[in-house]
Amino acid sequence: MNELTERDSLLVERYTLMTWATRHLRGVTADSVSAPDQAPAHELPAHARGILERLRYWHVRWTSTEGRYAGGFVPVCKAWLKGDPAYGFPPGKAFMVLDKHPDGAAFFVRDADAPVDSACVMVARAGEEGNATTVGATLADYLEKAMDWHFAARWWTGAAEAAEASRWLAAQPPVDQFAVRVVAVEEVTSASLRALRLRWLGLQHRQEVAKALKLEPGAASDIAALDAELAPPRGLMRRKEKAVRKALLMSEQTPEDLQRFFWTQASPGDATLVVLDVTRLGTAHLGVHALRPQAQHLAQLLLDAPGAGALLRMIGERVTGEEARDDARDGSMIGKRPTGETLVSDRPAGVERVRFALSMPDEALRGVVLDTFIDLSGAAPPQGKVRGRVQLAAVLPRALVPEGCVPGAAWTSGAFAFTGVMINGGVMQSG
């Protein structure tokens, strides 16, 4: 695989984030388009090889539901042409169609006798290729500018309608994926969290833990007995500790992982447990095969809670501060016009990343989501199906709990969680 520069890597990440988000916005019809077979790598400019290789499966054409706005990017890159009468390039120029626009196209263009790597990116209306506009020396330049406009049709002209389309797309909320209801909000202690962890383990897991602790078979249903045996965190003999990790399928993890699993140390006396009942509404689903759900998924659900301003600000500061490399290249759906005028500015880049990224390590939300829980005590769904309803919980610093997050409160969420759309286009059914 061709190497990427740091800038190219950030652009690829930003591009995949943007295309994935576009497919899940309300009021947007997005078609995932397979790119045609492209020219061999050696026929592509060096600055484009690595990027095109990694964007192979991330192409999308979008339109607003009523058809007023449109955009997208599907690279062609099939072959170099010279003197083709269908295009108006002057003699002595070689060109390759990069991306087709509604009334024109983007091209790689070079002098016919110049090396392939010298090609720049130009855009022109159909029949006006002789007056093509150079938009970048590299594919990265082109993508950077196009993404600032959300690939809106005719973005390269700077036309008012392109800016309007870009603003419209950036302002669309995600499609509702889950109905969320708050079951409980309470202060926490390590003991209460351990009890919840045990209560929400599946019976089979509890049986394995009881066996590892050398308890009677019936102890698996006695949460208090299990808790009493586990209560002194340093009291477990190494042999038992290892057996418990194996019972919980944590064999590849460290004793410290088990320590954190059962003996969570809440943030200095200032942590709150939020228990949620979540019902599936859309295509996304929440995984139930892990002992601890992803912090990102709990954050996604809570971002849509009433009064989540403090959480939004903290996520925006924490994630953006660690990952953004410069002010408009951090993976945000937010775009900027080449003039520097911000198209949309009310959605922090870090929030966009948490909401739309396919996967985010828990470390990225350290200090925001302190711990997560999922209820695995019920029957598992039939093979090939996912749970339509599940209870989850998150431990948050008290100051970050949304103001409207009180027992009985309810809202809908556009959390992406795990995609329930299969390769064949079908949707996984709830069971």
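Everything quoted here is computed from the prediction, not taken from an experiment.

## Regarding the sheet that holds strand E13 (residues 410-413)
- Taken in spatial order, the five strands line up as E11-E12-E10-E9-E13 in an open sheet, and their pairing is antiparallel. A single partner strand is all that each edge strand has here, and the edge strands are strand E11 (371-374) and E13. Pairwise comparison of adjacent strand axes, ignoring direction, gives a mean angle of 30 degrees for this sheet.
- Pairing geometry for strand E9 (residues 178-187) and E13, over four bridges, is antiparallel. Note on E13: the bridge partner recorded for Val-180 is Trp-411.
- Contacts between helix H5 (residues 190-200) and the sheet are confined to strand E10 (271-280), E11 and strand E12 (389-397), with E11 contributing the most and set at about 30 degrees to the helix.
- Its contacts with the sheet place helix H10 (residues 295-303) against E9, E10, E11, E12 and E13, and it is angled at close to 90 degrees to E12.

## With respect to the packing of helix H2 (residues 46-54) against helix H3 (residues 139-148)
- Where H2 contacts H3, the two axes come as close as 8 Å, and the packing angle between them is 55 degrees. Accordingly, the angle class assigned to the pair H2 and H3 is oblique. Along the contact surface, H2 presents His-47, Ala-48, Ile-51 and Leu-52, while H3 presents Leu-139, Ala-140 and Leu-143.
- Split into classes, the residues belonging to the contact of H2 with H3 amount to six nonpolar, one polar and no charged.

## What about the sheet that holds strand E6 (residues 104-111)?
- Strands sit in the order E4-E5-E6-E7-E8 across an open sheet of five strands; the sheet is antiparallel. With one partner strand each, in any of the chains shown, strand E4 (81-82) and strand E8 (133-136) form the two edges of the open sheet.
- As paired strands, E4 and strand E5 (residues 93-101) are joined by two bridges and run antiparallel to one another. Paired with Leu-81 across the two strands is Phe-95, which belongs to E5.
- Sheet strands touched by H3: E5, E6, strand E7 (120-125) and E8. Its angle to E8, the strand with the most contacts, is close to 90 degrees.

## With respect to the packing of aromatic side chains
- All chains considered together, the criterion is met by 14 aromatic pairs.
- With centroids separated by 6.0 Å and ring planes inclined at 85 degrees, the aromatic side chains of Phe-95 and Phe-107 adopt a geometry described as edge-to-face. Here Phe-107 lies in strand E6 and Phe-95 lies in strand E5, a separation of 12 residues in the sequence.
- With relative accessibility at 1%, the residue Phe-95 sits in the buried group.
- Assessed through its relative accessible area of 0%, Phe-107 is described here as buried.
- By way of ring pairs, the aromatic residues Tyr-15, Phe-73, Tyr-142, Phe-151 and Trp-155 are connected into one cluster.
- In this structure, Arg-110 is placed above the aromatic ring of Trp-80, and the distance from its NZ or CZ to the ring centre is 4.3 Å.

## Topic: the nonpolar core
- Ranked by size, the top nonpolar core spans 53 residues in total, and within it Leu-276 and Ile-315 carry the most contacts.
- With six residues, the single largest contributor to this core is H10.
- In this structure, Met-18, Ala-21, Ala-94 and Leu-98 belong to the second largest nonpolar core, which totals 50 residues.

Scoring rules and cut-offs
Residues numbered from 1 in each chain as written. Predicted model: local features only at pLDDT ≥ 70, side-chain atom pairs only at ≥ 80, totals over all residues. Heavy atoms only, no water. Pairing = 2+ DSSP bridges. Helix = DSSP H or I, 4+ residues; strand = E, 2+ residues; numbered from the N terminus. Axes fitted to C-alpha atoms, helices over the stretch in contact; angles between N-to-C directions. Contact = heavy atoms within 4.5 Å. Parallel < 35°, antiparallel > 145°, perpendicular 65-115°, else oblique. Nonpolar A, V, L, I, M, F, W, Y, C, P; charged D, E, K, R; others polar. Phe/Tyr/Trp six-rings, centres within 6.5 Å; stacked < 30°, edge-to-face > 60°. Buried < 20%, exposed > 50% of the residue type's maximum accessible area, 1.4 Å probe, protein only. Lys NZ or Arg CZ within 6 Å of the ring centre and 35° of its normal. Core = buried A, V, L, I, M, F, W, Y, C linked by side-chain atoms within 4.5 Å.

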